[in-house]
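Descriptive analysis of the structure
Here is what each chain is made of, one letter per residue.
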Amino acid sequence: MVAVAKAHPNIALVKYWGKRSEAEMLPDVGSISITVSGMLTTTKLAWDDPEANTDGRDVVIVNGESRPDEVGKVSAWLSRFREHNNISQFARVESINDFPTGAGLASSASGFAALAAAAFADAELSPTREELSRWARRGSVSAARSLHGGFVELFREGDSHATQILAEDEWPLDVHIAITSSLRKDVGSTSGMKTSAERCPYYGAWVESQEADLQTAREAIAAKDFEKLAVITEESCLKMHSVMMATPPGLIYWNAGTLEVVHRVRELRRQGVGVTYTIDAGPQVKVICEPQNSERVKDALNDLKGIERLIHAGLGGDIEVTRQ
Ligand code: DP6
C-alpha cells in the first residue's frame with residue numbers, strides 16, 4: 001500500500017520570521033497565510049518498501065532527484081516520526097512539485113504538509129488536525145499552515161499548530177505571482193531568520209509588535225475588509241524585510257524588478273484599486289486582489305520590464321490524502 005497526499009503551498013500575509021526553539025521548530029511569532037490553488041505537491045509514501053527496508057535507510061526522491069540537503073531534512077523528520085510512533089520500518093518517499101522551483105513559493109511548506117499526512121495515512125494512524133499540523137511544523141514551520149485551505153492562522157503559543165480562519169470559497173481572492181528572477185536564493189529562510197534573531201537590533205520590536213498585526217488581520221478577514229487586510233499585509237511584509245535588511249551583513253532579497261512591482265501596486269492602490277503585495281525570502285512579489293480587480297491588476301503588471309513571468313492563482317483547499 002502507498003499513501004498519496006496532495007498539498008498546496010501558502011503565502012503569509014502576516015509573516016513568520018524567527019524561532020523560539022530551533023530543535024522543536026517553534027516560531028517566535030504567530031502568522032496568518034492564504035493557501036494557493038493551481039500549484040500542488042504530490043507525495044507518495046510507503047513504509048513497507050522492500051528497497052528501503054533491505055537497505056535499512058529511507059529512500060527520498062524529490063522532483064526525480066535525491067539531493068543530500070533535502071534527503072537529510074526528510075530523513076531526520078522520518079526518524080523522529082518513527083521513534084514517536086514505534087514504527088520500525090523505513091520509508092520510500094517520492095515527492096513532485098508541479099510548480100517551478102524558482103517561483104518563490106516555499107516547496108518546503110507543501111512538501112512537509114504532504115509528507116506528514118502521507119506518513120500517518122500509510123501507518124494507518126488517524127491524527128487530529130492539530131497533531132498533523134504540529135508534525136508538519138516539525139519539518140518546516142510554514143508547513144503547519146499548508147494543511148488547511150483558505151485563510152489560516154499559525155499560533156505562536158504552546159506546541160504551535162495552525163487552524164483555518166475562513167475556507168477558500170468564503171472569500172475568494174486572486175494571486176498574481178510576479179517572477180522577477182528564477183535564480184536560487186543564496187540565504188535560505190532557516191539560516192536567515194536564525195541570523196536575524198541573533199544579530200538584528202530590531203528583532204525584539206518585530207516579535208513584540210506581531211500580536212497587534214495578527215489581531216488587525218483577524219479582524220479584516222472576519223469582516224472581509226480588503227482594504228484593512230491590504231494595509232496590514234503590506235506593513236507586515238515591509239517590517240519583515242526591514243528586519244532582514246538590518247541583519248548584518250544585510251539580507252537583501254529584493255532586486256530592481258521587485259521594487260518596480262511594489263511601486264506599481266502602490267500606485268494602483270492610490271487609484272483606488274483593491275490590491276496588495278507581499279514578498280518572502282526571495283525577489284518574487286505576490287500580488288493579491290479581489291477577483292473583480294484581477295484583469296486591471298494583471299494589465300498594470302504586464303508591461304513592467306523587471307517581470308520575467310506572471311503566474312495566476314487563486315485560493316487553494318485543504319490537503320487531500322488517499323491510500324492506494
Ligand atoms: C519568509 O517555514 O520556510 O516565507 O521554519 O526554517 O523551515 P523553516 O522556514 P520557513 O520560513 C518561511 C518564512 C517566510 C515567511 C512565512 O512564510 O511566514
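Let me sum up the structure you'll find in this document. Just so it is clear, the structure is predicted and the values come from calculations on it, not from any experiment.

Time to look at the site of the ligand. Around the ligand, 17 residues are found, and the nearest of them are Tyr16, Lys19, Ser140, Ser142 and Thr190. For the ligand, an oxygen atom lies 2.7 Å from a polar atom in the side chain of Thr190. Sorting elements by how many residues they give to the shell around the ligand places helix α5 (residues 189–199) first, with three residues. For the shell around the ligand, the per-class residue count stands at eight nonpolar, five polar and four charged.

Our focus in this paragraph is the packing of aromatic side chains. This structure, assessed with the given rule, holds nine aromatic pairs. Ring plane angle 15° and centroid distance 5.2 Å describe the contact between Trp77 and Phe81, whose orientation is recorded as stacked. With Trp77 and Phe81 both in helix α2 (residues 68–84), this residue pair falls four residues apart, about one helical turn. Considered together, Trp77 and Phe81 belong to a single accessibility category, that of buried residues. Here Trp77 and Trp135 contribute two aromatic rings whose centre-to-centre distance is 5.8 Å and whose plane-to-plane angle is 85°, an arrangement assigned as edge-to-face.

Quick look at the sheet that holds strand β9 (residues 151–154) now. Overall, antiparallel pairing links the four strands, which are arranged β2-β5-β9-β10 in an open sheet. For this open sheet the edge positions go to β2 (10–14) and β10 (162–166), each flanked by a neighbour on one side alone. Pairwise comparison of adjacent strand axes, ignoring direction, gives a mean angle of 35° for this sheet. In terms of strand pairing, β9 meets β10 through four bridges, oriented antiparallel. Note on β10: the bridge partner recorded for Val152 is Gln164. Contacts from helix α7 (residues 226–245) reach β2 and β9, with the element oriented near 95° to β2.

With the rule as written, the count across this model stands at 27 salt bridges. Salt-bridge contacts for Arg156 lead to Asp28; the nearest nitrogen and oxygen are separated by 3.2 Å. With Arg156 in the loop between β9 and β10 and Asp28 in the loop between β4 (26–27) and β5 (31–35), this pair connects stretches of sequence that are 128 residues apart. Residue classification places Arg156 among the partly exposed positions, given a relative accessible area of 27%. The partner of Arg57 in a salt bridge is Asp55, and the shortest N-O contact between them spans 3.1 Å. A relative accessible area of 43% means that Asp55 is categorised as partly exposed.

Remark: α2 packs on helix α3 (residues 107–122), axes separated minimally by 12 Å, with the N-to-C direction vectors making an angle of 35°. Of the two elements, α2 crosses α3, and the hand of that crossing is right-handed. The residues of α3 that touch α2, namely those facing Lys73, Val74, Trp77, Leu78 and Phe81, are Phe112, Leu115, Ala116, Ala119 and Phe120. Of the residues belonging to the contact of α2 with α3, the class tally is nine nonpolar, no polar and one charged.

Right, let's talk about the nonpolar core for a bit. With 39 residues, the main nonpolar core has Trp17, Val261, Val275, Val287 and Val297 as its most contacted residues. Among the elements of the structure, β9, α6 (203–223), α7, α8 (256–270), β12 (275–278), β13 (285–289) and α9 (294–302) are those that each provide at least two residues to this core.

All right, on to the environment of Gly56 then. Secondary-structure assignment places Gly56 in the loop between α1 (50–55) and β7 (59–62). With a relative accessible area of 36%, Gly56 lands in the partly exposed category.

Where burial is concerned, most of β5 is hidden: five out of the five residues are buried. Judged by which residues are buried, β5 turns out to be covered on both faces: Ser31, Ser33 and Thr35 on one side and Ile32 and Ile34 on the other are all buried. Two strands pair when backbone bridges link them, and β2 and β5 are joined in this way by four bridges, in the antiparallel orientation. Following the sheet pairing, Val14 is matched in β5 by Ile32. Bridging between β5 and β9 involves four bridges; their strand directions are antiparallel. Across the sheet, Ser33 pairs through a bridge with Val152, a residue of β9.

Conventions and cut-offs
Within each chain, residue numbers correspond to sequence positions counted from 1 in written order. In keeping with the predicted nature of the model, local features appear solely for residues at pLDDT of at least 70, side-chain atom pairs appear and are counted solely at 80 or more, and the whole-chain, interface and lining totals rest on all residues. Values shown for side chains rest on all heavy atoms present in the structure; no hydrogens or waters enter the calculation. Residue proximity to a molecule or strand is established when one non-hydrogen atom of the residue lies within 4 Å of it. Here a polar contact is taken to be a pair of N or O atoms separated by no more than 3.5 Å, where protein atoms must pair a possible hydrogen donor with a possible acceptor and residues adjacent in sequence count only if both atoms sit in side chains. The helix and strand labels rest on DSSP assignments: H or I over at least four residues marks a helix, E over at least two residues marks a strand, and numbering proceeds from the N terminus. In this classification, Asp, Glu, Lys and Arg are treated as charged, Ala, Val, Leu, Ile, Met, Phe, Trp, Tyr, Cys and Pro as nonpolar, and every other residue, Gly included, as polar. Two rings belonging to Phe, Tyr or Trp (six-membered ring only in the last case) form a pair when the distance between their centres is within 6.5 Å. Interplanar angles under 30 degrees mark stacking, angles over 60 mark edge-to-face geometry, and anything in between is tilted. Relative accessibility thresholds used throughout: buried, under 20% of the residue-type maximum; exposed, over 50%; partly exposed, between the two (1.4 Å probe, protein chains only). Only strands that DSSP links by at least two bridges are regarded as paired with each other. Axis definition: a line fit to C-alpha positions, over the contact stretch in the case of helices; interaxial angles, taken between N-to-C directions, run 0 to 180 degrees. By definition in these notes, contact holds between two residues if any of their heavy atoms fall within 4.5 Å. Just to be clear on terms, a salt bridge is a Lys or Arg side-chain nitrogen sitting within 4 Å of an Asp or Glu carboxyl oxygen. Each crossing is labelled by how the near helix is turned from the far one, with a counterclockwise turn of less than a right angle marking it left-handed and a clockwise turn marking it right-handed. In plain words, nonpolar cores are sets of buried Ala, Val, Leu, Ile, Met, Phe, Trp, Tyr and Cys residues tied together by side-chain atoms within 4.5 Å.

Read these as geometric descriptors, not functional statements.
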